[in-house]
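Structural overview
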Amino acid sequence: MAQVHDHGGGVRSVRVPIPDNPLGHTLVYVVETDRGPVLVDTGWDDPASWDTLAEGLTACGTDVGGIHGVVITHHHPDHHGLSGQVREASGAWIAMHAADSAIVRRTRETRAERWFTYMAAKLAAAGAPEEHTAPLRTARRRELPGFSPALPDREIVPGELLDLPGRRLRAIWTPGHTPGHVCLHLEEEHPSRLPGHGRLFSGDHLLPEITPHIGLYEDPDDATVTDPLGDYLDSLERVGRLAPAEVLPAHQHVFTDASARVRELLAHHEDRLTGLHSLLARPLTPWQLAERMEWNRPWDQIPYGSRNIAVSEAEAHLRRLVKLGRAEAVTGSDPVTYVAV
């Protein structure tokens, strides 16, 4: 049975399950407009998730065929996965920021084997042991979800109002979790008149109790040296200044006092950077650093795929430390090691 919640003011949410994932579900928001309902995200591409979304839309007084448009906060499969099916059933448009649309396009055009080769080489360069990289060299396409995501047909332009007749929904570019992540600011009075400036659909950028993954932007066809953690911290401050009355995130639950949550997350990342700086008293590879970082469970209990995510997060923090002049790569080290400055 689909779980649906009415947030007032023509906004509802449907809890769409994510199979075999501790996050549990994606909150898909259904926003009424003068041309019909528009979805903010769609959920994971899975038959049970699709059925739940369809049931939820019926409970909201509409159906999949009645959807006018789909606004995607970012390209990850628990957000964008069902977009193609929604479009097929309804003729709805799909909107996404250009930076994430580019990733979707390259994902569709890149052979799965190239991704596996890229990841194996990247992890080896980060100091991963042979027993960890070996499975990637024999992996097959079916082991990589979300490899044919739907191509968006509209671009979300930062700072502009989306074309939603009867609503004022403004795009706020918040890179960090992905290069094209957007939050969506509903510039309308809160239906319960809570103090603050409207409501914010925050995607994965701002969550009430967990810290979103900030790793390197993975793309075998883009060698740009980015600073995802720096992007994320800047984006957090931008959202904090909006001071929305309420935040409607893609996971967990709706919450208030966005500014306080922003301060918590900024402090968390500063503490993490300080802790990593201490760990780098002697040279470590990104893999060795990830092994020593604090996670929600001991390293030997972290599943294979989650270790890849952890190493990417360690690398994003390392890149930030290097950019701040607090760490540097050790010349001639192979795999590369880093040491505190």
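Further up the page is the structure itself.
Below, the structure is looked at part by part. (Residues numbered from 1 in each chain as written. Predicted model: local features only at pLDDT ≥ 70, side-chain atom pairs only at ≥ 80, totals over all residues. Heavy atoms only, no water.)

Description of the sheet that holds strand β9 (residues 182–186)
Taken in spatial order, the four strands make up an open sheet running β8-β9-β10-β11, and their pairing is mixed. Every interior strand has two partners, whereas the edge strands, β8 (169–173) and β11 (246–249), have only one. Across the sheet, the mean angle from the axis of one strand to that of its neighbour is 25 degrees, orientation sign disregarded. Examined bridge by bridge, β8 and β9 share five bridges and lie antiparallel to one another. Directly across from Trp-173, in β9, lies its bridge partner Val-182. (Pairing = 2+ DSSP bridges. Helix = DSSP H or I, 4+ residues; strand = E, 2+ residues; numbered from the N terminus. Axes fitted to C-alpha atoms, helices over the stretch in contact; angles between N-to-C directions.)

So, helix α1 (residues 47–59)
With 13 residues, α1 extends 18 Å from end C-alpha to end C-alpha; this agrees with the ideal 18 Å at 1.5 Å per step. Looking at α1, one finds that the buried residues are Ser-49, Trp-50, Thr-52, Leu-53, Gly-56 and Leu-57. Axial view of α1: buried residues confined to an arc of 165 degrees, hence all on one face. In this structure, α1 carries Pro-47, Thr-58 and Ala-59 as exposed residues pointing more than 90 degrees from its buried face. The N-capping residue of α1, defined by a side-chain oxygen 3.1 Å from the backbone nitrogen of Ala-48, is Asp-46. At the C-terminal side of α1, Gly-61 shows a positive phi close to 90 degrees. (Expected span 1.5 Å × (residues − 1). Buried < 20%, exposed > 50% of the residue type's maximum accessible area, 1.4 Å probe, protein only. Arc of directions from axis to C-beta. Polar contact = N/O pair within 3.5 Å; in protein donor to acceptor, adjacent residues only side chain to side chain.)

Considerations on the sheet that holds strand β7 (residues 154–156)
Across the sheet, which stays open at both edges, the seven strands sit in the order β1-β2-β3-β4-β5-β6-β7 with mixed pairing between neighbours. Where the open sheet ends on each side, the last strands, each with one partner, are β1 (4–6) and β7. Geometrically, the sheet is characterised by an average inter-axis angle of 25 degrees between neighbouring strands, direction not taken into account. Relative to strand β4 (residues 38–40), strand β3 (residues 25–31) is paired through three bridges, and the arrangement is antiparallel. Counterpart to Val-30 in the pairing with β4 is Leu-39. Together, β1, β2 (11–17), β3 and β4 form the strand contacts of α1, whose direction differs from that of β2 by roughly 160 degrees. Of the strands in this sheet, β6 (93–97) and β7 are in contact with helix α4 (residues 98–109), which crosses β6 at around 110 degrees. (Contact = heavy atoms within 4.5 Å.)

Observations concerning the side chain of Thr-52
With respect to the helices and strands, Thr-52 occurs in helix α1. The exposure class assigned to Thr-52 is buried, which follows from its relative accessible area of 15%.

Considering the pairing of β2
The pairing of β1 with β2 spans three bridges and is classified as antiparallel. Following the sheet pairing, His-5 is matched in β2 by Ser-13. Taking the residues between adjacent antiparallel strands as the criterion, β1 and β2 are bridged by four residues, where Gly-8 takes a positive phi near 85 degrees. Of the pairings in the sheet, the one linking β2 to β3 comprises seven bridges and is antiparallel in character. Bridge pairing in β3 links Ser-13 to Tyr-29.

Digging into the pattern of salt bridges
Overall, the coordinates contain 14 salt bridges when judged by the stated rule. With a closest N to O distance of 3.1 Å, Arg-168 and Glu-187 form a salt bridge. Of this pair, Arg-168 sits in the loop between β7 and β8 while Glu-187 sits in the loop between β9 and β10 (199–203); the two residues are 19 residues apart in sequence, bridging distant segments of the chain. Residue Arg-170 pairs with Glu-187 through a salt bridge whose shortest N-O separation is 2.7 Å. With Arg-170 in strand β8 and Glu-187 in the loop between β9 and β10, this pair connects stretches of sequence that are 17 residues apart. Connected through salt bridges with shared partners, the residues Arg-35, Arg-154 and Asp-163 form a single ionic network. (Salt bridge = Lys/Arg side-chain N within 4 Å of Asp/Glu carboxyl O.)

Some words on the environment of Ser-202
Along the polypeptide, Ser-202 turns up in strand β10. Judged by relative accessible area, Ser-202 falls into the buried class, the value being 0%. Sequence separation between Ser-202 and Val-247 is 45 residues; the distance between their C-alpha atoms is 6.5 Å.

What about the packing of helix α7 (residues 228–242) against helix α8 (residues 258–279)?
The interhelical angle for the contact between α7 and α8, taken along N-to-C directions, is 160 degrees, at an axis separation of 9 Å. By the criterion of interaxial angle, the relationship of α7 to α8 is roughly antiparallel. The way α7 lies across α8 gives a crossing that is left-handed. Where α7 approaches α8, its residues Leu-229, Tyr-232, Leu-233, Leu-236, Glu-237 and Gly-240 are matched on the opposing element by Ser-259, Val-262, Leu-265, Leu-266, His-269 and Leu-273. Taken together, the residues of the contact of α7 with α8 sort by class into eight nonpolar, three polar and one charged. (Parallel < 35°, antiparallel > 145°, perpendicular 65-115°, else oblique. Left-handed = near helix turned anticlockwise from the far one by under 90°. Nonpolar A, V, L, I, M, F, W, Y, C, P; charged D, E, K, R; others polar.)

Observations concerning the nonpolar core
A general feature of soluble globular proteins is that nonpolar side chains tend to end up buried together. Leu-206, Tyr-232, Leu-236, Leu-280, Leu-289, Trp-299 and Val-311 are the most contacted members of the largest nonpolar core, which has 43 residues in total. At seven residues, the largest contribution of residues to this core is made by helix α5 (residues 112–125). Residues contacting Trp-299, with those up to four places away along its chain left out, are Trp-287, Ala-290, Glu-291, Arg-307, Ala-310 and Val-311. Counting residues in hydrophobic clusters, the runner-up holds 20 residues, among them Val-16, Leu-39, Val-70 and Ile-94. (Core = buried A, V, L, I, M, F, W, Y, C linked by side-chain atoms within 4.5 Å.)

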